[in-house]
Amino acid sequence: MTDRSIELIRLRKQLFKMVDKKLWERGMKKMLSQIKKTAPLVHCMTNYVVANFTANGLLAVGASPIMADEVNEVTEIVSIAQALLINIGTVNDRTAEAMMLAGKKANELTIPIVLDPVGVGSTSYRKQLVQLLLKNVQFNLIRCNAGELAAIAGEVWQSKGVDSGTGEIDIALVAKRMSLQYKCFVIVTGESDFITNGYEELYISGGKELTTHITGTGCLLSAICAASLATGGTNQLQDLATTLKDYKKAAEHSTNEVGTLALHFMNTLQELAEVEK
């Protein structure tokens, strides 16, 4: 990547940070409070490392979680849900089959689906599974980090397990291309979150780096994004961007100690969901 390209990316981020600030200064609605009003049932096919944290986080913002991955019941569970999350963090052959069935059923019922391709760049098994899911299921949103974005897009990147890893790509360019290819929103989280529908784009600033030391904050964000899509808003790009902003605000208002961060973070999510503007 040339110095000129890096400078253009920096300037673009700076511009969108200014736009981002102006949008929230206008007093936009809080998406967490919208989720609480709607109280959607979110079917979470997630990994066992974060299941409890994800369920409690959804409850904190007023959504209802259900965690089910049995092949013989997933289509029934999806049928009563308002959103579906597919998270491949601890996927295996049994849960992969269940995810495929659930995704197809959700498409049949036009229920929004979020894909969290955890660690997709780590193994060929995960890459093949994600490509299979993207081929057979129409997702509404892919929520990933930069490394996962690169892996799905076939870009050069040094993977580091389920963490982002290292590499250099134009995140905006790659994410927009992927959004158009898979006909869905793409959110790339990091120091500054990026969201696009393939045409429009927004950078969301804020947050706290310490949250990366707590297992499950990214996975919970994917679940809350699913709940956000379930509210039925007419401007889903803006709704998701506001969800990201609310989530970063919850991190900012939490403690600076790793041991108590998860507790404070959960309490702050609850408080934000109760705020009316």
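Residues numbered from 1 in each chain as written. Predicted model: local features only at pLDDT ≥ 70, side-chain atom pairs only at ≥ 80, totals over all residues. Heavy atoms only, no water.

Trainee: So what about the pairing of strand β5 (residues 141-145)? Which residues, and what values?
Mentor: Of all 5 residues in β5, 5 are buried; the element is thus mostly enclosed. Side chains Leu141, Arg143 and Asn145 project from β5 onto one buried face, and the interleaved Ile142 and Cys144 project onto a second face that is buried too. The pairing of strand β4 (residues 113-116) with β5 spans 2 bridges and is classified as parallel. Following the sheet pairing, valine 114 is matched in β5 by leucine 141. Read from β4 through helix α6 (residues 124-136) to β5, the crossover connection turns out right-handed. (Buried < 20%, exposed > 50% of the residue type's maximum accessible area, 1.4 Å probe, protein only. Helix = DSSP H or I, 4+ residues; strand = E, 2+ residues; numbered from the N terminus. Pairing = 2+ DSSP bridges. Right-handed = clockwise from strand over helix to strand, strands pointing away.)

Trainee: Would you mind going over the pairing of strand β8 (residues 185-189) in detail, with residue names and values included?
Mentor: With 5 of 5 residues buried, β8 is to be regarded as a mostly interior element. Judged by which residues are buried, β8 turns out to be covered on both faces: Phe185, Ile187 and Thr189 on one side and Val186 and Val188 on the other are all buried. As paired strands, β5 and β8 are joined by 5 bridges and run parallel to one another. Across the sheet, residue arginine 143 finds its bridge partner in β8, namely isoleucine 187. Alignment of β8 against strand β9 (residues 193-196), held across 3 bridges, turns out to be antiparallel. Bridge pairing links valine 188 to phenylalanine 194 in β9.

Trainee: Could you give an account of the layout of surface pockets, naming the residues involved and the relevant values?
Mentor: Quantified by volume, the second largest pocket comes out at close to 160 Å³. Lining the second largest pocket are 16 residues, with Thr46, Asn47, Asp69, Thr90 and Thr95 sitting closest to its centre. Residue assignment for the lining of the second largest pocket shows that the elements contributing at least two residues are β1 (41-45) and α5 (93-108). Ranked by residue count, the leading element in the lining of the second largest pocket is α5, at 3 residues. By residue class, the composition of the lining of the second largest pocket is 8 nonpolar, 6 polar and 2 charged. (1 Å grid on protein atoms, 1.4 Å probe; cavity = no way out; pocket = protein on both sides within 12 Å on 5 of 7 lines; lining within 4 Å. Points joined across faces, edges and corners; volume = space filled by probe spheres on them. Nonpolar A, V, L, I, M, F, W, Y, C, P; charged D, E, K, R; others polar.)

Trainee: Can you tell me about the nonpolar core, naming the residues and giving the values?
Mentor: With 44 residues, the main nonpolar core has Leu133, Ile142 and Leu149 as its most contacted residues. Of the residues forming this core, the biggest block, 6 residues, is contributed by α5. Not counting the four nearest positions on each side in its chain, leucine 149 is found in contact with Cys144, Ile169, Ile171, Val174, Ala175, Met178, Val186 and Val188. Listed in part, the 39 residues of the second largest apolar core include Ala63, Leu237, Leu240 and Leu244. (Core = buried A, V, L, I, M, F, W, Y, C linked by side-chain atoms within 4.5 Å. Contact = heavy atoms within 4.5 Å.)

Trainee: So what's going on with the packing of aromatic side chains? Which residues, and what values?
Mentor: All chains considered together, the criterion is met by 2 aromatic pairs. Ring centres of tyrosine 247 and phenylalanine 265 lie 5.0 Å apart, and the angle between their planes is 85 degrees; on these two criteria the pair is classed as edge-to-face. Of this pair, tyrosine 247 sits in helix α10 (residues 236-252) while phenylalanine 265 is found in helix α11 (residues 258-274), placing the two residues 18 residues apart along the sequence. (Phe/Tyr/Trp six-rings, centres within 6.5 Å; stacked < 30°, edge-to-face > 60°.)

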